[in-house]
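Letter by letter, the chains look like this.
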Amino acid sequence: MGARASVRLGVNIDHVATVRNARGGVHPDPVRAAQLAKAAGADGITAHLREDRRHIRDTDMVRLKSEVALPLNFEMAATDEMVGIALRLRPHACCLVPERREERTTEGGLNCAGQAADLAPRIAALKEAGIRVSLFIAADPRQIEAAHALGADVIELHTGAWCDHRLADARIESDSEFRRLRSGAARARELGLEVHAGHGLDYETAELIAGLPQVAELNIGHFLVGEAIFDGLDTVVRRMRSHIAKGHARTLGHVA
Ligand code: PXP
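Residues numbered from 1 in each chain as written. Predicted model: local features only at pLDDT ≥ 70, side-chain atom pairs only at ≥ 80, totals over all residues. Heavy atoms only, no water.

> Help me out: how do you make sense of the overall build of the chain in this one?
What the chain contains, in helices and strands, is 11 helices and eight strands. With respect to the three principal axes, the spread of C-alpha positions in the chain is 45 × 45 × 35 Å. Looking at the chain alone, contacts between residues at least 24 apart form 66% of all its contacts between residues at least 6 apart. Here the chain displays about 11900 Å² of accessible surface, and carbon together with sulfur accounts for 52% of that area. Computing the positive centroid from 33 side-chain charges and the negative centroid from 35, the chain places the two 3 Å apart. (Helix = DSSP H or I, 4+ residues; strand = E, 2+ residues; numbered from the N terminus. Contact = heavy atoms within 4.5 Å. Areas by Shrake-Rupley, 256 points an atom, 1.4 Å probe, with all protein chains shown as cover. Lys, Arg positive; Asp, Glu negative; His and termini not counted. Charge placed at Lys NZ, Arg CZ, Asp CG, Glu CD.)

> Help me understand helix α4 (residues 80-89), please; the structure alone is not making it clear to me.
Those residues of α4 not exposed but buried are Met-82, Val-83, Ile-85, Ala-86 and Leu-89. Here the buried residues of α4 occupy an arc of 160 degrees about the axis, which is enough to place them on one side. In this structure, α4 carries Asp-80 and Arg-88 as exposed residues pointing more than 90 degrees from its buried face. Packing partners of the buried residues in α4 comprise α3 (58-67), β3 (72-76), β4 (93-96) and α5 (116-128). Downstream of α4 by one or two residues, Arg-90 has phi in the positive range, about 55 degrees. (Buried < 20%, exposed > 50% of the residue type's maximum accessible area, 1.4 Å probe, protein only. Arc of directions from axis to C-beta.)

> I keep staring at the packing of aromatic side chains and nothing clicks. Help me out?
Enumeration over the complete set of coordinates arrives at two aromatic pairs. A ring pair is formed by Trp-162 and Phe-178, whose centres lie 5.3 Å apart and whose planes are at 40 degrees; its orientation type is tilted. Separated by 16 residues along the polypeptide, Trp-162 in helix α7 (residues 160-167) and Phe-178 in helix α8 (residues 171-190) bring together distant segments of the chain. Note on accessibility: Trp-162 and Phe-178 belong to one class, buried. (Phe/Tyr/Trp six-rings, centres within 6.5 Å; stacked < 30°, edge-to-face > 60°.)

> Explain the nonpolar core to me, please; I cannot follow it from the model alone.
Nonpolar side chains in soluble globular proteins tend to end up buried together. Of all hydrophobic cores here, the largest spans 75 residues; its most connected members are Ile-45, Leu-64, Phe-74, Leu-96, Leu-135 and Leu-218. Beyond its immediate chain neighbours, meaning those up to four positions away, Ile-45 contacts Val-11, Ile-13, Ala-34, Ala-37, Leu-64, Val-68, Leu-70, Pro-71, Leu-72 and Asn-73. (Core = buried A, V, L, I, M, F, W, Y, C linked by side-chain atoms within 4.5 Å.)

> It is not clear to me how the sheet that holds β4 should be interpreted in this structure. Could you clarify?
Within a sheet, neighbouring strands are paired by backbone hydrogen bonds and run either parallel or antiparallel to one another. Spatially, eight strands are ordered β1-β2-β3-β4-β5-β6-β7-β8 in a closed barrel, and the strand pairing comes out parallel. Direction aside, neighbouring strands of the sheet carry axes that sit 25 degrees apart on average. Bridge count for β3 against β4 is four bridges, and the pairing is parallel. Paired with Glu-75 across the bridge in β4 is Cys-95. The sheet contacts of α8 involve β6 (154-158) and β7 (194-198), and relative to β6 the element is tilted by about 175 degrees. (Pairing = 2+ DSSP bridges. Axes fitted to C-alpha atoms, helices over the stretch in contact; angles between N-to-C directions.)

> Before we go on, may I ask you to explain the pairing of strand β1 (residues 8-12) in this structure?
Among the five residues in β1, four count as buried, and that is most of the element. Judged from the four bridges that link them, β1 and strand β8 (residues 215-220) form a sheet pairing that is parallel. Along β8, the bridge assignment pairs Leu-9 with Leu-218. Judged from the three bridges that link them, β1 and strand β2 (residues 44-48) form a sheet pairing that is parallel. Looking at the pairing, Gly-10 lines up with Gly-44 of β2.

> When you look at the pairing of β3 in this model, what are you seeing that I'm missing?
Consecutive side chains of a regular strand alternate in pointing toward one face of the sheet and then the other. Within β3, five of the five residues are buried, which leaves the element mostly enclosed by the surrounding structure. Assessed by its sense of winding, the connection that carries the chain from β2 through α3 to β3 is right-handed. The handedness of the β3 to β4 crossover, carried by α4, is right-handed. (Right-handed = clockwise from strand over helix to strand, strands pointing away.)

> Just checking my understanding: could you explain the environment of Gly-226 for this structure?
Here Gly-226 is to be found in helix α10 (residues 222-231). In this structure the C-alpha to C-alpha distance between Gly-226 and His-15, which are 211 residues apart in sequence, comes to 8.5 Å.

> Quick question: what am I supposed to make of the site of the ligand here?
If you check the shell around the ligand, you find 13 residues, and the closest are Glu-75, Glu-156, Gly-200, Gly-221 and His-222. Isolated, the ligand exposes 400 Å² of accessible area, and the fraction of that covered by the protein chains is 95%. Residue composition of the shell around the ligand, grouped by class: three nonpolar, seven polar and three charged. (Near = heavy atom within 4 Å. Nonpolar A, V, L, I, M, F, W, Y, C, P; charged D, E, K, R; others polar.)

What follows is the structure, encoded as structure tokens:
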């Protein structure tokens, strides 16, 4: 078997839209940020069209699809409204996430084991249209097996709890979360699912998670947009790419 292709970086530009919306105008433009991320080496763009349109708006999705020459990963709740938008837009992929109005960000993984009956027809409609379907889930074997049974192409493992424990210096909890992520990634690959990961990642955690041999893609937003205030988006995307490459090289035994 040849060397595993490098881990892809999907840049989530939601929070460029958050800043834009704070003043209700058109600046900063998330599409311009996506084009800059592409020039800096991003492999894909992720955007979450939330039910309340708090950051990304419908017109942003249309422009991201038509003006940015990168695969578009459309993050969305599994609702009829969102499936209808996705079927018109035809993004490269849809990542189904749980969504609650009162949350600040996507707080937990999708309960695909408990909501299979709701999810199945929506996943089938997206797949029939040729859209890759990813399910954002916790690294829980029950959820991973349910995602597989539902016909998902990809699972995205929720790294939020692991990242939070690391930031809080809670070593025992963060080590145990990392073990869960590692065994979840292995189980998903056994089932033939492509494995992505995301939420709360920074340079350090992205490098570590890129070291799991099953991980094919990381989706990162908040940290990159925040760091871009200090270092510029071009620099932070390039720096993130190099951390991911370093983590990946470690799995191949190229770095001590
Ligand atoms: N992946 C998914 C499925 C998400 O919901 C989010 C947050 O929108 C991300 C990745 C990116 O998380 P963060 O903004 O914390 O990097």
